[in-house]
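Notes for the structure review
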Amino acid sequence: MTALVTFEEVEPHIGVITLARSAAFNALSRDLLQQLSQVAQDMHARRDIRVVILTGEGHKAFCAGADLKERRGMDDAQVKQAVRLIGETVNQVEAIPQPVIAALNGVAFGGGLELALACDLRVASTNVLLGLTETSLAIIPGAGGTQRLPRLIGLGKAKQLIYTAARLTAAEAATYGIVEKVCDDAQEGALTIARAIATNAPLALIQAKAAINRGVEVDRQTGLAIEALAYDALIPTKDRVEGLVAFAEKRPPHYKGE
């Protein structure tokens with residue numbers, strides 16, 4: 001099978017997942033989705049990886065969304081199945097335990113932006129255009145966009161963007177709060193953030209992500225209880241002791257994920 005998704009540890013503790021279908025603007029074909037799903041699941045066992053960057057091959061597209069050419073020959077039942085597959089795969093990307101940074105090196109429309117919204121952070125190259133453009137095609141965002149975008153930027157702004165099918169520049173997306181950083185090269189910008197993350201304790205990063213992602217979905221008191229459980233899980237770890245010792249000895253800590 002042709003490799004449509006690749007994974008590489010580009011620096012110690014930093015892994016890069018690449019959608020490798022640039023000839024089709026990294027569109028989400030069935031085969032690509034199945035491979036991305038497998039790579040996302042593999043990350044659960046990679047305790048040597050502390051932060052993941054998700055990007056697209058080439059410089060034209062991060063991901064242009066669903067593969068509409070593939071979908072053209074489908075009947076209604078097959079379309080439903082295809083939409084569910086995209087949603088399930090995006091959910092699996094969101095479930096990667098390590099922090100994930102989307103490096104938007106090119107356009108990100110429809111399902112492509114929905115995939116980026118499932119990541120923890122988004123970095124965009126200055127020339128990027130992005131948007132949830134589905135209503136212009138007589139559909140709606142079907143891979144979590146109607147749920148993740150309002151939680152990220154607020155209800156009114158999300159409705160405006162989805163109803164108008166707006167295509168935003170990277171600078172406009174930053175103003176809305178959709179991307180955290182805009183720079184000349186998204187992958188270099190993502191790497192800068194990834195390096196800062198990768199110096200920190202891997203188990204703490206995993207628990208911090210879990211506490212934030214789960215806590216934001218519930219009321220504050222329940223969220224505080226989730227945070228307490230996440231903290232408790234770190235108390236018996238060797239890394240926590242190493243952090244204290246390294247601080248006392250005024251040296252960088254040597255975390256092992258234990």
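See the structure above.
Rules of the game
- One numbering rule holds for all chains: residues counted from 1, following each sequence as written.
- Local features in this predicted model are restricted to residues of pLDDT 70 or higher, and side-chain atom pairs are both shown and tallied only at a pLDDT of 80 or more, whereas totals for entire chains, interfaces and linings draw on every residue.
- The basis for every side-chain value is the complete set of heavy atoms in the structure, and neither hydrogens nor water enter the calculation.
- By definition, two strands form a pair when at least two bridges between them are found by DSSP.
- Helix numbers and strand numbers start at the N terminus; a helix is a DSSP run of H or I with at least 4 residues, a strand a run of E with at least 2.
- The axes used here are C-alpha line fits, helices contributing only the stretch in contact, and every angle between their N-to-C directions lies in the interval 0 to 180 degrees.
- The contact definition used throughout considers only heavy atoms, calling two residues in contact when any of these lie within 4.5 Å.
- Buried residues are those whose accessible area, probed at 1.4 Å on protein chains only, stays under 20% of the maximum for their type, while exposed residues exceed 50% and partly exposed ones sit between those limits.
- In protein, a polar contact requires one atom able to donate a hydrogen and another able to accept it; more generally it is a pair of N or O atoms within 3.5 Å, and residues adjacent in sequence count only if both atoms are side-chain atoms.
- Without a salt bridge and with relative accessible area above 30%, a residue can belong to a patch; like charges are then joined within 9 Å and nonpolar side chains (Val, Leu, Ile, Met, Phe, Trp, Tyr) within 5 Å.
- The method behind every accessible area is Shrake-Rupley, applied with a 1.4 Å probe, and residues are considered shielded solely by the protein chains displayed.
- Take a side-chain nitrogen of Lys or Arg and a carboxyl oxygen of Asp or Glu: if they are within 4 Å of each other, that pair is a salt bridge.
- The span one expects for a helix is its residue count, reduced by one, times 1.5 Å.
- The criterion for an aromatic pair is that two Phe, Tyr or Trp rings (for Trp, the six-membered ring) have centres within 6.5 Å, with stacked assigned to planes under 30 degrees apart, edge-to-face to planes over 60 apart and tilted to the rest.
- A ring is considered to have a charge above it if a Lys NZ or an Arg CZ atom is located within 6 Å of its centre and within 35 degrees of its normal.
- Whenever a pair of cysteine sulfur atoms sits within 2.5 Å, that pair is classed as a disulfide.

We now examine the sheet that holds strand 1 (residues 5-11). Taken in spatial order, the six strands line up as 1-2-3-5-7-10 in an open sheet, and their pairing is mixed. Here the strands that pair on one side only, and so sit at the sheet edges, are strand 1 and strand 10 (181-183). Sheet twist, expressed as the mean angle between neighbouring strand axes with direction ignored, is 25°. Sheet topology note: the strand 5 (residues 100-104)/strand 7 (residues 121-125) ladder contains four bridges and is parallel. Considered in strand 7, the bridge of Ile 101 is made with Leu 121. The sheet contacts of helix 1 (residues 30-42) involve strand 1 and strand 2 (14-19), and relative to strand 1 the element is tilted by about 40°.

Our focus in this paragraph is the side chain of Arg 122. The topology assignment puts Arg 122 in strand 7. Owing to a relative accessible area of 2%, Arg 122 belongs among the buried residues under this scheme. Polar side-chain contacts of Arg 122 include one of 2.9 Å to the backbone oxygen of Cys 119. From its side chain, Arg 122 meets the backbone oxygen of Ile 178 in a polar contact 2.6 Å long. Setting aside residues up to four positions removed in sequence, Arg 122 forms contacts with Ala 102, Leu 104, Ala 116, Leu 117, Leu 152, Ile 178, Val 179, Glu 180 and Lys 181.

Mapping Thr 55 onto the fold places it in strand 3 (residues 51-56). What makes Thr 55 buried here is its relative accessible area of 1%. Side-chain polar atoms of Thr 55 contact the side chain of Asn 105, separated by 3.1 Å. Those residues in contact with Thr 55, other than ones at most four positions away along the chain, are Val 16, Ile 17, Thr 18, Leu 19, Phe 62, Ala 103, Asn 105 and Gln 187.

Another aspect to go through is a nonpolar patch on the surface. On the surface, Leu 68, Leu 137 and Ile 139 cluster together into a nonpolar patch covering about 260 Å² of accessible area. Its place among the elements puts Leu 137 in the loop between strand 8 (129-131) and helix 5 (145-153).

Its identity is not glycine, yet His 13 carries a phi of approximately 75°, on the positive side. Tracing the sequence through the fold places His 13 in the loop between strand 1 and strand 2. Judged by relative accessible area, His 13 falls into the partly exposed class, the value being 27%. The backbone of Lys 250 shows a phi angle near 55°, a positive value even though the residue is not glycine.

Here we take up helix 1. Taking 1.5 Å as the rise per residue, helix 1 with 13 residues should run 18 Å; its terminal C-alpha atoms sit 19 Å apart, in good agreement. Those residues of helix 1 that sit buried are Leu 32, Leu 33, Gln 35, Leu 36, Ser 37, Val 39 and Ala 40. If you follow the buried residues of helix 1, they end up packed against strand 1, strand 2, helix 3 (76-94) and helix 4 (111-117).

The next subject is the packing of aromatic side chains. On inspection of all chains with the given rule, the structure shows zero aromatic pairs. Geometry around Phe 109 places Arg 167 over its ring, the cationic atom sitting 4.3 Å from the centre.

Quick look at the state of the cysteines now. Note: disulfide means a covalent bond formed between the sulfur atoms of two cysteine side chains. Taken as a whole, this structure holds zero disulfides when the rule is applied. No disulfide involves Cys 119; its sulfur sits 11 Å from the nearest other cysteine sulfur, which is in Cys 63. The thiol of Cys 183 is unpaired, and the distance to the nearest cysteine sulfur, on Cys 119, comes to 15 Å.

To continue, consider the pattern of salt bridges. Under the criterion given, the structure shown has 11 salt bridges. Salt-bridge contacts for Glu 249 lead to Arg 251; the nearest nitrogen and oxygen are separated by 2.7 Å. Classification of Arg 251 as partly exposed rests on a relative accessible area of 25%. Each of Glu 9, Arg 46 and Asp 48 takes part in salt bridges that share partners, so that together they form one network.

Position of Glu 249 relative to the elements: it lies in the segment after helix 11 (238-248). For the pair Glu 249 and Ala 196, spaced 53 residues apart in sequence, the C-alpha to C-alpha distance is 21 Å. Looking at Glu 249, its side chain comes within polar contact range of the side chain of Arg 251, at 2.7 Å.

Attention now goes to the pairing of strand 5. On any regular strand, side chains alternate: one points to one face of the sheet, the next to the other face. Among the five residues of strand 5, five are classified as buried, and the element is accordingly described as predominantly covered. Of the two faces of strand 5, the one holding Val 100, Ala 102 and Leu 104 and the one holding Ile 101 and Ala 103 are both buried throughout. Bridge count between strand 3 and strand 5: four bridges; the pairing is parallel. In the strand pairing of strand 5, Val 52 is matched with Val 100.

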